[in-house]
Each structure stands twice: as C-alpha cells, then as structure tokens.
Amino acid sequence: MGLMVFRGYLVGSAVVVADINEARSLYSMGFYGKFVGEDKVKLNEVNNVSSPLQLSITEALYLVDKGLLKVYDRDGNELGRDALVKIGRDTVANFDQVYTIYMELRDGGFVVKSGLKFGSLFAVYERGPGIDHAPILLHFIEPRRAVTALDITRAARLSHSVNKRFVLATQSDADGKMHYIAFEWFRA
C-alpha cells in the first residue's frame, strides 16, 4: 500500500483539506495545519474534531514537495508547484526564505507552526503543541540587513514575556544558506 496522497483546495492563499478523515490523518502526521475554529488540538482529541483543516501556503508547498498533497483550484484543476510558489511569493513576505526555514526545520524533525500570536515568524516545537511546554520562537531577519541590537532586544522581550527561547534566522549573502542563532535565558 502506497503513501496516502491528501487532497486540498485553494481558498484565497490557504489550502483547505475538506474531507474530515483526511484532515484528521494529515494533522496527526505532524500537526500540519489548523482545524477551522479549533486551537491547539492534541493528538488524542483529533477524532473529536469535525471541521476542515486549513494549511498555510508554506505548509501546503512542503507537503506537495513531499508527495503527500495534491492541491486543486475551485474547478478541480490540479495546481502545480510553480503555481503554489507564485501564490506564496504574492502573499508572504520573503517567501523563498520563509519556505526554506520551514523546510529545514520540518526536515530536522521539528513541528513548525505560525508564530503570529507570539509576534514571531514561527513557533517551533520539538514534539508538538500541547506536548511541549513552550515553543521556541523564530524570528526572521531579512538578508542584507544586519542583525541589530534592537532585533535581539525585541525578540528577547517578546520571548521572555512568554518564557520561551528564541532563534534568529537569516540568509547568508556569502553562501546563500540559512543561519540560525539561538538565545537562551539564564539567571545571573
């Protein structure tokens, strides 16, 4: 039996997995997406959820790249990778870098969720929301913009107020690779 391929439909710049069983399965595979109207669903609660799963364009592209998802438009036409990348670039600032960070963290075994409510790009979990006590907050610094003391102070203030570690990510001009700088609180 091959890998299951999930079906998603483009709605605005998000992708919705409307089939409830597919939505539950996909979420259970790694906390992908967000159930519409639900917050931080734990794995043992997944079967109680009966709403569709909404994926960001970043998550959807990652799942397409992994061969786990096919995305269709309203008319049922499959959207290729290029179409999804274009939507990402049209709707997400620094989409290429954001996608690279997402992919590197996911491929590294982390659970990556939106960090919007924490004022960061991503909230990164080692095991998953509702399992980890607190996520690591990841802030993205645009390439060719030096990391300033203000960046560090701002990220620190945000993460300290919610007692979290924080990471700054930026892309090196020299080699084009992402670089991650992690900070941790300690009592002096």
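Use the structure listed above.
Residues numbered from 1 in each chain as written. Predicted model: local features only at pLDDT ≥ 70, side-chain atom pairs only at ≥ 80, totals over all residues. Heavy atoms only, no water.

> Go over the pattern of salt bridges with me, naming the residues and quoting the values.
Throughout the structure, instances matching the rule amount to 6 salt bridges. Arg-81 is paired through a salt bridge with Asp-65; the nearest N and O atoms lie 2.7 Å apart. Here Arg-81, found in helix α3 (residues 81–91), pairs with Asp-65, found in helix α2 (residues 57–65); they are 16 residues apart in sequence, far enough to count as distant. With relative accessibility at 36%, the residue Asp-65 sits in the partly exposed group. The partner of Lys-66 in a salt bridge is Asp-107, with the nearest N and O atoms 3.2 Å apart. With a gap of 41 residues between them, Lys-66 in the loop between α2 and β5 (69–72) and Asp-107 in helix α4 (residues 95–107) connect regions that are remote in the sequence. You can call Lys-66 partly exposed: its relative accessible area is 41%. (Salt bridge = Lys/Arg side-chain N within 4 Å of Asp/Glu carboxyl O. Helix = DSSP H or I, 4+ residues; strand = E, 2+ residues; numbered from the N terminus. Buried < 20%, exposed > 50% of the residue type's maximum accessible area, 1.4 Å probe, protein only.)

> Requested: an account of α3, with residues and values cited.
Where α3 is concerned, the buried positions are Leu-84, Val-85, Ile-87 and Gly-88. On an axial view of α3, the arc spanned by its buried residues comes to 160°, and they lie on one face. In α3, those exposed residues whose orientation departs by more than 90 degrees from the buried face are Asp-82, Lys-86, Arg-89 and Asp-90. Packed against the buried residues of α3 are β1 (6–11), α2, β5, β6 (78–79) and α4. (Arc of directions from axis to C-beta. Contact = heavy atoms within 4.5 Å.)

> Any chance you could break down the sheet that holds strand β11 (residues 178–183) for me, citing the residues and the numbers?
Read from one edge of the open sheet, 5 strands run β7-β8-β9-β10-β11, paired in mixed fashion. Only two strands of the sheet have a single partner each, and these edge strands are β7 (111–114) and β11. This sheet shows a mean twist of 30° between the axes of neighbouring strands, independent of strand direction. Bridging between strand β9 (residues 136–141) and strand β10 (residues 166–171) involves 5 bridges; their strand directions are parallel. The residue bridging Phe-140 from the neighbouring strand is Ala-169, located in β10. (Pairing = 2+ DSSP bridges. Axes fitted to C-alpha atoms, helices over the stretch in contact; angles between N-to-C directions.)

> Which residues make up the pairing of β5, and what are the values?
Taken together, the 4 bridges between β1 and β5 define a ladder with parallel strand orientation. Counted as the bridge partner of Arg-7 is Lys-70 from β5. Joining the antiparallel neighbours β5 and β6 is a turn of 5 residues, in which Gly-76 adopts a positive phi near 85°.

> Can you explain the packing of aromatic side chains? Please cite residues and give values.
With the rule as written, the count across this model stands at 7 aromatic pairs. An angle of 80° between the planes, with centres 5.4 Å apart, marks the rings of Tyr-62 and Tyr-102 as edge-to-face. Placement of the pair is Tyr-62 in helix α2 and Tyr-102 in helix α4, with a sequence separation of 40 residues. Both residues of the pair, Tyr-62 and Tyr-102, count as buried. Aromatic pair Phe-95 and Tyr-99: ring centres 6.2 Å apart, planes at 20°, arrangement stacked. Here Phe-95 pairs with Tyr-99, and both are found in helix α4, just 4 residues apart, close to one helical turn. You can call Tyr-99 buried: its relative accessible area is 6%. Following the ring pairs from residue to residue traces out a cluster consisting of Tyr-32, Tyr-62, Tyr-102 and Phe-122. (Phe/Tyr/Trp six-rings, centres within 6.5 Å; stacked < 30°, edge-to-face > 60°.)

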